[in-house]
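Topology and contacts: notes
Now for the letters of each chain:
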Amino acid sequence: MIIILLGPPGSGKGTQALPVTEKLKLPHVSTGDIFRANLNQGTPLGLEVKKYMDAGALVPDDLVVRLVAGRLSEPDAKNGVLLDGFPRTAAQAEALSAFLAESSRQVARCLSLEVSDATILTRLSGRRICRNCGLGYHLSFSPPPADGRCGRCGGEIYQRDDDREETIKNRLDVYHRQTSPLIHWYGDHGLLKAVDGEGQVEEITRRIFAALED
Ligand code: AP5
C-alpha cells in the first residue's frame, strides 16, 4: 500500500504520519527528514541539498527521484510506505508511477491536507524540534519543557533554519506554483482524497482514517 501525504509546508504531514504509520504498520518515508539527517551528519548529499533547503526551494527532481527509488527498493518497503513530502512536482509524480509500475505496484491513495496560508505561518513560526529524536513541539500548541531539552529524550530543541518567516513565505510560494498542481494530477487519476487539515490533531487523524477507509 503506497500512500502519499500531500500538503503545503506545515500542513501537518509529519504530525499525521506518526499515527498513520503506527496503525497501518508502514514505514514513514519523508524526503525532508532524509535530507535533514544528511545535513546534520555533513554527508555529501547533505552539502548538496543545503542551499536549496535554506532558500525554501525544491531539491532537483533527478536527485530526489533517485533517493526515493532507492528507499522504495529496500525490503521493508515491499508491502508499502507512507510518502511524506514526495512527490512535489509533476515530474516526480510521473517518475514515481513509472518506477512503481516496474514492480507491478501503484499508488493506493493520495491524501491532500488542506490548510490556509495564515494557519501555516502560525504553525511554522512556532515550531520547535528535538535535534536528537525529532519530536515536534509548538511554542503555543505543545510547548517544549522550560529547560529547552526534549521531554522524551533530553535532546536539544531547535528551530529549523527554513522556519524563519521569509523562508516560510518562499516555501508556500513554491508549494502553490510547483506542488499544488498535483492535487489535480492525482484527482484525474482517481486517487485523491482531500482532508481538512485545520483543527485538533486527533480530529484530523480521524478524518484521515475515514478517508483511507472510504
Ligand atoms: P519537508 O521537511 O518535507 O518540509 P515541508 O513540506 O515544508 O513540511 P514541514 O515538515 O515543514 O511541515 P509538515 O507538513 O510536516 O508539518 P508538521 O507536522 O511538522 O521539506 C523541507 C525541504 O526539503 C523542502 O523545502 C525542500 O527544499 C526539500 N525537499 C523535501 N522533499 C522534497 C521533494 N520531494 N522535492 C524537492 N525538494 C524536497 O507541523 C508543523 C507544525 O505545526 C508543528 O509545530 C506541529 O506541531 C504543528 N501542528 C501540526 N498539526 C497541527 C494542528 N492540527 N494544530 C496545531 N498545530 C499543529
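Whatever comes next refers back to the structure up there.
The sections below set out a description of the structure shown in this document. Predicted, not measured: the structure shown is a model, and the values here were computed from it.

Right, let's get into the site of the ligand. Around the ligand, a shell composed of 34 residues is seen, among which Thr15, Ala57, Arg88, Arg127 and Arg171 lie nearest. For the ligand, a nitrogen atom lies 2.8 Å from a polar atom in the backbone of Gly199. In isolation the ligand exposes 1,000 Å². Once the protein is present, 93% of that is buried. Among the elements of the structure, α1 (13–24), α2 (31–41), α6 (117–125), β6 (136–138) and α9 (201–213) are those that each provide at least two residues to the shell around the ligand. Sort the elements by how many residues they give to the shell around the ligand and α2 lands first, with four residues.

It is the contact of helix α4 (residues 61–72) with helix α5 (residues 90–102), at a shortest axis distance of 10 Å, that shows an interaxial angle of 30°. Judged by the angle between their axes, α4 and α5 are roughly parallel. The chirality of how α4 crosses α5 is right-handed. Mapping the contact onto sequence places Asp61, Val64, Val65, Ala69 and Leu72 in α4 and Ala91, Gln92, Ala95, Leu96, Phe99 and Leu100 in α5. Residue composition of the contact of α4 with α5, by class: nine nonpolar, one polar and one charged.

Right, let's talk about the sheet that holds strand β3 (residues 81–84) for a bit. Spatially, β2-β3-β1-β4-β8 is the arrangement adopted by the five strands of the open sheet, whose pairing is parallel. Each edge of the sheet is formed by a strand with only one pairing partner; in this case those strands are β2 (28–30) and β8 (192–196). Put simply, the sheet's adjacent strands are angled 20° from each other on average, direction ignored. Looking at chain direction, β2 and β3 are connected through three bridges and run parallel. Residue pairing across strands places Val29 opposite Leu83, the latter belonging to β3. Here α1 sits on the sheet in contact with β1 (2–6), β2, β3 and β4 (107–114), set at roughly 180° to β3.

Calculation criteria
- Residues numbered from 1 in each chain as written.
- Predicted model: local features only at pLDDT ≥ 70, side-chain atom pairs only at ≥ 80, totals over all residues.
- Heavy atoms only, no water.
- Near = heavy atom within 4 Å.
- Polar contact = N/O pair within 3.5 Å; in protein donor to acceptor, adjacent residues only side chain to side chain.
- Areas by Shrake-Rupley, 256 points an atom, 1.4 Å probe, with all protein chains shown as cover.
- Helix = DSSP H or I, 4+ residues; strand = E, 2+ residues; numbered from the N terminus.
- Axes fitted to C-alpha atoms, helices over the stretch in contact; angles between N-to-C directions.
- Parallel < 35°, antiparallel > 145°, perpendicular 65-115°, else oblique.
- Left-handed = near helix turned anticlockwise from the far one by under 90°.
- Contact = heavy atoms within 4.5 Å.
- Nonpolar A, V, L, I, M, F, W, Y, C, P; charged D, E, K, R; others polar.
- Pairing = 2+ DSSP bridges.

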